[in-house]
Amino acid sequence: MRYFVTGKQMKQIDQDTIERIGIPSLVLVERAGLAVADAVEEIITSGHPDLSARDKNKKNVRILIACGTGNNGADGIVVGRILHGRGYEAVVFLGGNPEHETEEHRRQQKIAEALGVTMMRKTEDLSGNWDVIVDAVFGIGLAREITGEWKNILEQLSEIAKRDGAKVVATDTPSGIHSQTGHVMGTALRADLTVTFGYGKTGLFLYPGRNYAGKVRVADVGFSDVSLERVGWDCKSLEESDLADLPVRQSDGNKGTFGKVLVIAGSRGMSGAAYFSALSAYRTGAGLVKVLTVSENRAVIQTQLPEAVVSVYDPDQITAEEHSTDFLREACDWADVIVLGPGLGQEPYVEYLVEAVLEHAYVPMVLDADGLNTVASHPYLTRYFTENIILTPHMGEMARLCSCPISELREDPVQTVKAYSSRYGVTCVMKDASTLIADKDGTVWLNTSGCSAMAKGGSGDVLTGIIAGLLARGMDCDRASAFGVYLHGLAGESGSAKFGENGVLASNLADEIAKLA
Ligand SMILES: NC(=O)C1=CN([C@@H]2O[C@H](COP(=O)(O)OP(=O)(O)OC[C@H]3O[C@@H](n4cnc5c(N)ncnc54)[C@H](OP(=O)(O)O)[C@@H]3O)[C@@H](O)[C@H]2O)[C@@H](O)CC1
Ligand SMILES: [K+]
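Scoring rules and cut-offs
Residues numbered from 1 in each chain as written. Chains lettered and ligands numbered in written order. Predicted model: local features only at pLDDT ≥ 70, side-chain atom pairs only at ≥ 80, totals over all residues. Heavy atoms only, no water. Axes fitted to C-alpha atoms, helices over the stretch in contact; angles between N-to-C directions. Helix = DSSP H or I, 4+ residues; strand = E, 2+ residues; numbered from the N terminus. Parallel < 35°, antiparallel > 145°, perpendicular 65-115°, else oblique. Left-handed = near helix turned anticlockwise from the far one by under 90°. Contact = heavy atoms within 4.5 Å. Nonpolar A, V, L, I, M, F, W, Y, C, P; charged D, E, K, R; others polar. Near = heavy atom within 4 Å. Polar contact = N/O pair within 3.5 Å; in protein donor to acceptor, adjacent residues only side chain to side chain. UniProt positions renumbered as here; feature names shortened; annotations may be inferred. Buried < 20%, exposed > 50% of the residue type's maximum accessible area, 1.4 Å probe, protein only. Donors = N, O, S within 2.8 Å, 3.2 Å for Na, K, Ca; no water.

Participant: I'd like a description of the packing of helix α4 (residues 71-85) against helix α5 (residues 103-114), backed by residues and values.
Facilitator: Two elements in contact, α4 and α5, have axes separated by 8 Å at closest approach and are oriented at 15°. Compared by their axis directions, α4 and α5 come out roughly parallel. Every pair of crossing elements has a handedness; the one defined by α4 and α5 is left-handed. Only Glu-104, His-105, Gln-108, Gln-109, Ile-111 and Ala-112 of α5 make contact with α4, whose side of the interface consists of Asn-71, Gly-73, Ala-74, Ile-77, Val-78 and Arg-81. Residue composition of the contact of α4 with α5, grouped by class: 5 nonpolar, 5 polar and 2 charged.

What follows is the structure, given as structure tokens:
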């Protein structure tokens, strides 16, 4: 499990480490600079074929370290000093008003001066022919939109990097990216690699920040989890080693042991969503899957997925009249887990169907797609929400549920999903390029697996089925959601490796999940 923090939390961790624990700031800055210098050298010697050929003569490798006036700049000066000491042509650019330089910054300048490191202040000198640019302009101290001189400098650095084909290594955060929201604050310098200190910063994993950060490496520079526990964190994130926590399949189990999933999905002329959810629930390990759908879909689903039990209804019989939905009560009683919504459509009867299921279900439920749209158009249905419910809206559906534009939801996505879950006491999976999951207690998971292959028809139905499968295997709503999203992303990655990001289909995702879950 990884923990991501906001810039503000990281500052408190800094403070706790220095003031309470007693590790001097000088030590932290030194280790931060060393971690970046090592990463730069790694790029020079391995990642960049042109450079490794010239590595025999380190003096020919030209590295620019662009430094701001804060402690991010102080880290940068350390990077310059270390690389200079290792024999590279490392040049430190000091930008901004010298009167604003921090104590650490001044201390590092003195050391660098004593060792003969080249330092310059004129922006005209930026235009060398650089192999690597180290961005040490702004870190977690970026406090406002970037304008004026710094905007010009960062834009100039972007152009120079492009022109020279230089690799850009960001120190802690790419300058211009908000460490909490991932927003571009006026302008930002795109990195190939970001070496971030202590803990991942949420903004490096949310878009557009994620695009600017490139590969992210978290370097241990001396912070301790003791400080993290005191200060708190913003989100959790699953990693491959967490898959060991998936429930083990009992060797003496039967199909009842592994849970019965009821998929209430599909509408006239629309059977695909029901099929993908049911297939994925089975592929994730559910013992028995029943699809409850309109009569017209019986034949096609039985043919596509003979393993599923298919039960049907006539939509014309579902009305506001109470007994018209009695069959739904019986179906709910049968299930250990319910999926409600994929491909249900938005005909008037769907409101009565959704209400009846929400009212009569006492087991964990994944509410998706048209189930969500129905709740958005009939907000009174939220009164049936319980902690057993997982909502899986994409951003458009979330905007409808919250009655506000997507742009507003993205202003602070972590807070958006947290506020919704806490308000209604549900688990909410807000699906986006970086999906966020929040439970009723305010814990947020940020998912880092997956790729653009996931943005395709049927992909959401597969995710719904995966989460249902994990619920059927006995996981709690919050963990089933976080693990489901993570596995879904991994399935996208392994599917892409076979078919390419353009070629992966929802059915491939369901097939890949079989090997992962
Ligand atoms: N001991 C430690 O603390 C450790 C810290 N570490 C490192 O320090 C970094 C945090 O350092 P930090 O707090 O000094 O902030 P930093 O990111 O350098 O930026 C502040 C400067 O930027 C300026 N500025 C801000 N926004 C601006 C804007 N829009 N436009 C223009 N200027 C703007 C602001 O100016 P001011 O607001 O004062 O005018 C100030 O001068 C952290 O990311 C990590 O790299 C590690 O070494 C571990 C130990
Ligand atoms: K930076």
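Further notes follow.
Participant: Kindly report on the site of ligand 1, identifying the contributing residues and their values.
Facilitator: Around ligand 1 there are 25 residues in total, and Lys-11, Thr-69, Asp-75, Gly-139 and Asp-172 lie nearest to it. Asp-75 has a polar side-chain atom sitting 2.5 Å from an oxygen atom of ligand 1. Measuring from an oxygen atom of ligand 1, one finds a backbone N or O atom of Ile-140 at 3.0 Å. For the shell around ligand 1, the secondary-structure elements that each account for two or more residues are α1 (7-21), α2 (25-47) and α4. Looking at the shell around ligand 1, its residues break down into 11 nonpolar, 8 polar and 6 charged.

Participant: Now, about the UniProt feature "binding site: K(+)" (unreviewed entry) in the protein: what can you tell me, with residues and values included?
Facilitator: Using the residue numbers shown here, the UniProt feature "binding site: K(+)" (unreviewed entry) corresponds to Asn-72, Asp-135 and Ser-175. In three dimensions, the annotated residues from a span of 104 residues occupy one location, with a maximal C-alpha spread of 9.7 Å. Residue classification places Asn-72 among the buried positions, given a relative accessible area of 10%. Every residue in contact with Asn-72, bar those within four places of it in the chain, is listed here: Asp-135, Ala-136, Val-137, Phe-138, Gly-139, Thr-171 and Asp-172.

Participant: Account for the coordination of the potassium ion (ligand 2), with residues named and values stated.
Facilitator: Ligation of the potassium ion (ligand 2) by protein atoms is provided by Asn-72 (OD1), Asp-135 (O), Phe-138 (O), Thr-171 (O) and Thr-173 (O), these donors lying 2.6 to 3.1 Å from the ion. Spacing between the donor residues of the potassium ion (ligand 2) along their common chain follows N-x62-D-x2-F-x32-T-x1-T. Here Asn-72 is found in helix α4, whereas its partner Phe-138 is found in the loop between β5 (132-136) and α6 (148-164), with 66 residues between them in sequence. Summarising the burial analysis for this pair, Asn-72 and Phe-138 share the class buried.

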